Structures are given as structure tokens and as C-alpha cells.
Amino acid sequence: MATIINGKEVAQKIRNNLKEEVTELKKNGKILKFAVIMVGDNSASKIYIKNKSKACEEVGIDCEEYILDSNIQMKELLDLINTLNEREDIHGILLQSPIPKHLDIDEAFRTIAPSKDVDGFNPVNVGKLCLGQDCFIACTPSGVMKLLEEYNIEIEGKNAVVIGRSNIVGKPMLQCLLNKNATVTICHSKTKNLLDITKNADIIVAAVGKEKFLTGDMIKEGSVVIDVGINRLQDGTICGDVDFESAKEKASYITPVPGGVGPMTVAMLMSNIVKASNGRLSAKQVPSE
Ligand code: NAD
């Protein structure tokens, strides 16, 4: 029976530590401020923004919300981002996706100043992650790494398999595991013989977006199973990409859904905002030999 990784608890610990740090900064006259931009009226995005602003409140970070009309043109969005880039009192900027199709999200991400890009989607930060340089890392993969660290799960030399190659989860996840010296395989919708690959994995990260996709018979005895998936079922409940019941019988560690990776994403966002506020990016590099 696997150890259940308690993401809710780890995320709370991170927020508590950040709150202390933010309180200390406030005593020295520094107020942290975060700007979140949403375009249009997406109900899921509204919930995400509410969660983020709630976490900001708990940690002590001021949060400015910009809800833009779905009919705006690209120039208006870029003008807002540029204004926020220039404001010294704003430390982090996040553009909530998705945005309406007539707008170019890549250009918007490119426009967010890399030093305020707390979601880690600006190509400068993506490139730095690939080069193993200190940068802002997308919050979900960095949350996964934090969970592995908190549970003292060894990564170096392990066979790690990431299922899913999205820009926001799969690809940065691959890079994070590689930077910690895992041997990483990334699988996607065109992958052949998925079972042969997952059966050999010491660590598996499922980011597919299909409920209960990874079942117990697809994994190796003693593997570490991380479930990134959030799938909403018809009855309103959510479930992950892993069939928790069968996988937990074989895994050594497993994350539940909810209460696993989900709470870590927002906690890592808070952590990135604090990092952005004190310009803590270092020149540290990870090994590439
Ligand atoms: P996505 O749809 O962009 O990517 C899904 C990936 O799965 C694709 O790369 C695709 O190639 C791959 N895939 C699809 N079918 C496959 C198959 N049969 N075999 C192998 N690979 C296959 O999704 P995403 O944005 O990366 O999100 C993945 C999941 O994670 C979703 O459930 C999403 O809701 C969830 N998510 C959770 C958080 C969080 O905070 N926990 C954050 C982001 C996304």
C-alpha cells in the first residue's frame, strides 16, 4: 500500500512560511503586489482567479484583478501588460488562460517582463529552464518537484516518465526532472507501446487530461505516481488521470486528486511572487555533462 502524498498539507506549510517572509518584508516597508489579467467570461478561470486571490490574501500579497472584455483587441491587452511591466509596485503578472481565440496568447506571454513572469510562460524563462539556469518555473511542475523533495523521493538516476507534452505541464516537467538528473521519457498521444514505457518507470507523472487513464496494471511495483490531472465528472466531483484505487496497491508513493498536486500549483505561484519581489534569481546552473 502506497504512502499518500499530502499536497494540501505541504502547500499549507509553504503558504505559512511565505506569510512570515511577507510580514517581515512589510515591516521593512515593502508591500508585495500581484496583478492577474483575465479576458472574457470563463467560469473555470473565475474560480482559478478567486483561488489565487484568496491565497494572496492569506500570505499577505496585494492582488489587483483586471477583467477585460472578451472583444478587446490585442493592442489593449499588450498596453495593459506593458503598463504593469513598468509599474515598480507590481512584482508579478499573470495572464489567465484561455483567452479568446482572436488574441495571440504567445505574444501576450512574450510581452510579460521575464522578471515578473511568475507563471514561467515567457520564452526567456522557458529557455532558462532548458539551460538549467535559475528562472521562474511553471507552477504545476515546480509544485510536483516540491512534493518529491518534501517526501525525500530520490530522483537522480531514476527512470522518470511524463505522460503529456503540454507547454504548461508536460514539457517543463520533463525539464525539471532532467535538471535533477533523472533519465526522462516523455509520452504523448502518438506514443507507441505506452505500457512498455510506464512499466519501467520509477517515477510517473500523469498529465493527460483523461480520467483514470493510468491504471495499476500499467505501473511497476514500488513506483512513485504523481497525478496532475483534474477531470470534472458529471456528478460535479473531480478525479485525476490515475486510477487511484488500483495504482495505490502497487505504488510506493501516490498523490490523490483532490489534495495532491492541485493545492501545490497556487502555493508555488505565491512562492514565485515572493521570489520576484526580491529579485532572487541567481546565476546558479545545474549540471549538463
Ligand atoms: P493538454 O490537453 O494540453 O495535454 C494533454 C497531453 O496528453 C497531450 O500532450 C497529449 O499528447 C497527451 N495525451 C493525450 N492522450 C494520450 C494518450 N492516449 N497517451 C499518451 N498521451 C496522451 O493538458 P494539460 O494542460 O497538460 O493538462 C493535463 C491535465 O492536468 C488536465 O487534466 C488538466 O486539467 C490538469 N492540470 C492540472 C493542474 C493542477 O494545478 N493540478 C494544472 C494544469 C493542468
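Because the structure is a prediction, the values reported are computed rather than measured.

1. Things to note about the nonpolar core
With 53 residues, the main nonpolar core has F34, I61, L148, L177 and M270 as its most contacted residues. Setting aside chain neighbours within four positions, we find L177 in contact with M145, L148, I155, A160, V162, A182, V184 and V205. Listed in part, the 21 residues of the second largest apolar core include L95, I99, F109 and F121.

2. Points about the packing of helix α6 (residues 139–150) against helix α7 (residues 170–179)
Packing of α6 against α7 leaves a shortest axis separation of 9 Å and a crossing angle of 35°. For the pair α6 and α7, the crossing hand works out as right-handed. Contacts between α6 and α7 involve P141, V144, M145 and L148 from the former and P172, M173, C176 and L177 from the latter. Here the residues of the contact of α6 with α7 sort into 8 nonpolar, no polar and no charged.

3. With respect to the site of the ligand
Around the ligand, the surrounding shell holds 21 residues, and the nearest of these are R165, S166, S189, I230 and T265. R165 places a main-chain nitrogen or oxygen 2.8 Å from an oxygen atom of the ligand. H188 places a polar main-chain atom, nitrogen or oxygen, 3.4 Å from a nitrogen atom of the ligand. Residues of the shell around the ligand, tallied by class, amount to 9 nonpolar, 10 polar and 2 charged.

4. Section: the packing of α6 against helix α10 (residues 262–277)
It is at 8 Å that the axes of α6 and α10 come closest, and there the two elements cross at 100°. Considering their axes alone, α6 and α10 lie roughly perpendicular with respect to each other. Side by side, α6 and α10 meet where C139, T140, S142, G143, K146 and L147 of the first sit next to M264, T265, M268, L269 and N272 of the second. Broken down by class, the residue content of the contact of α6 with α10 amounts to 5 nonpolar, 5 polar and 1 charged.

Cut-offs applied
- Residues numbered from 1 in each chain as written.
- Predicted model: local features only at pLDDT ≥ 70, side-chain atom pairs only at ≥ 80, totals over all residues.
- Heavy atoms only, no water.
- Core = buried A, V, L, I, M, F, W, Y, C linked by side-chain atoms within 4.5 Å.
- Buried < 20%, exposed > 50% of the residue type's maximum accessible area, 1.4 Å probe, protein only.
- Contact = heavy atoms within 4.5 Å.
- Axes fitted to C-alpha atoms, helices over the stretch in contact; angles between N-to-C directions.
- Helix = DSSP H or I, 4+ residues; strand = E, 2+ residues; numbered from the N terminus.
- Left-handed = near helix turned anticlockwise from the far one by under 90°.
- Nonpolar A, V, L, I, M, F, W, Y, C, P; charged D, E, K, R; others polar.
- Near = heavy atom within 4 Å.
- Polar contact = N/O pair within 3.5 Å; in protein donor to acceptor, adjacent residues only side chain to side chain.
- Parallel < 35°, antiparallel > 145°, perpendicular 65-115°, else oblique.

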